[in-house]
Amino acid sequence: QVQLVESGGRLVQAGGSLRLSCAASGGTFVNYNMAWFRQAPGKEREFVAGIAWSAGTHYADSVKGRFTISRDNAKSTVYLQMNSLKPEDTAVYYCAADIDNYDVYPGREVYDYWGQGTQVTVSS
């Protein structure tokens, strides 16, 4: 069983930066594809960014050039560096792990484990 714990969410002004962290335990982190999703009130949970076990990365168009996903296998942790934040980035951000596939996919259905989420609020 894999446990994922997110941290780093808070209130920030538009144009500011945040770094989210997701610490994994209970599995072989180095083998997993990891991703960040977000869910705003009244909206579907959407893919934000993913990083494969091979370190290949994928981003949603809405965050390309502003967000960077990275991983530290020694610490079993994945990060999401968020710059130039906008009010529309306000959401609960979730970390997810996919233990089965070769590459990162944006669909929620492929992810086996999820964290509890961390709230990011961007004020205008």
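Our structure is the block above this text.
Residues numbered from 1 in each chain as written. Predicted model: local features only at pLDDT ≥ 70, side-chain atom pairs only at ≥ 80, totals over all residues. Heavy atoms only, no water.

Chemist: Can you walk me through the overall build of the protein chain in this structure?
Modeler: Across its full length, the protein chain carries zero helices and 11 strands. Along the protein chain, helices and strands appear, N-terminal first, in the series β-β-β-β-β-β-β-β-β-β-β. A compact globule built from 124 residues should have a C-alpha radius of gyration of about 14 Å, and the protein chain, at 13 Å, falls within 12% of that. Summarising its shape, the C-alpha atoms of the protein chain cover approximately 40 × 25 × 25 Å along the three principal directions. Every one of the 124 residues in the protein chain was classed for burial, and the buried ones make up 45%. Across the protein chain, every contact between residues at least 6 apart in sequence was considered, and the portion connecting residues at least 24 apart equals 59%. Here the protein chain displays about 6,200 Å² of accessible surface, and carbon together with sulfur accounts for 47% of that area. With 11 positive and 12 negative side-chain charges, the protein chain shows a separation of 8 Å between the mean positions of the two kinds. (Helix = DSSP H or I, 4+ residues; strand = E, 2+ residues; numbered from the N terminus. Rg over C-alpha atoms; globule rule 2.2 N^0.38 Å. Buried < 20%, exposed > 50% of the residue type's maximum accessible area, 1.4 Å probe, protein only. Contact = heavy atoms within 4.5 Å. Areas by Shrake-Rupley, 256 points an atom, 1.4 Å probe, with all protein chains shown as cover. Lys, Arg positive; Asp, Glu negative; His and termini not counted. Charge placed at Lys NZ, Arg CZ, Asp CG, Glu CD.)

Chemist: Please clarify how the nonpolar core should be interpreted in this entry.
Modeler: One broad rule of soluble globular proteins: the nonpolar side chains tend to lie buried together. In this structure, Leu 4, Met 34, Trp 36, Val 78, Leu 80, Met 82 and Tyr 93 are the most contacted members of the largest nonpolar core, which totals 30 residues. Listing elements by their share of this core, those giving two or more residues are β3 (18-25), β4 (33-39), β5 (46-51), β7 (67-72), β8 (77-82), β9 (91-98) and β11 (118-123). Excluding its chain neighbours within four sequence positions, the residues that come into contact with Leu 4 are Cys 22, Ala 23, Ala 24, Met 34, Cys 95, Ala 96, Ala 97, Tyr 113, Trp 114, Gly 115 and Gln 116. Grouped together as the second largest cluster of nonpolar side chains are eight residues, Ala 52, Ala 96, Val 104 and Val 110 included. (Core = buried A, V, L, I, M, F, W, Y, C linked by side-chain atoms within 4.5 Å.)

Chemist: Would you take a moment to explain the environment of Trp 53 for this structure?
Modeler: The residue Trp 53 is located in the loop between β5 and β6 (57-59) in this model. On the basis of relative accessible area, Trp 53 is assigned to the partly exposed category, the value being 37%. For Trp 53, the contacting residues outside a window of four places in its chain are Val 30, Asn 31, Tyr 32, Asn 33, Arg 71, Asn 101 and Tyr 102. Looking at Trp 53, its side chain comes within polar contact range of the main-chain oxygen of Tyr 102, at 2.9 Å. (Polar contact = N/O pair within 3.5 Å; in protein donor to acceptor, adjacent residues only side chain to side chain.)

Chemist: Mind showing me how you'd approach unusual backbone geometry here?
Modeler: One non-glycine residue, Ala 55, adopts positive backbone phi at about 80°. Position of Ala 55 relative to the elements: it lies in the loop between β5 and β6. The exposure class assigned to Ala 55 is partly exposed, which follows from its relative accessible area of 46%. Backbone geometry at Ser 84 places phi at a positive 50°, although glycine is not the residue there. With respect to the helices and strands, Ser 84 occurs in the loop between β8 and β9.

Chemist: How do you make sense of the side chain of Asp 98 when you look at a structure like this?
Modeler: By the element assignment, Asp 98 lies in strand β9. The side chain of Asp 98 sits in the buried core without any salt bridge; Arg 71 is the nearest counter-charge, 9.7 Å away. A polar atom in the side chain of Asp 98 sits 3.1 Å from the side chain of Asn 101. Ignoring sequence-local partners within four residues, the contact set of Asp 98 consists of Tyr 32, Asn 33, Asp 103, Val 110, Tyr 111 and Asp 112. (Salt bridge = Lys/Arg side-chain N within 4 Å of Asp/Glu carboxyl O.)

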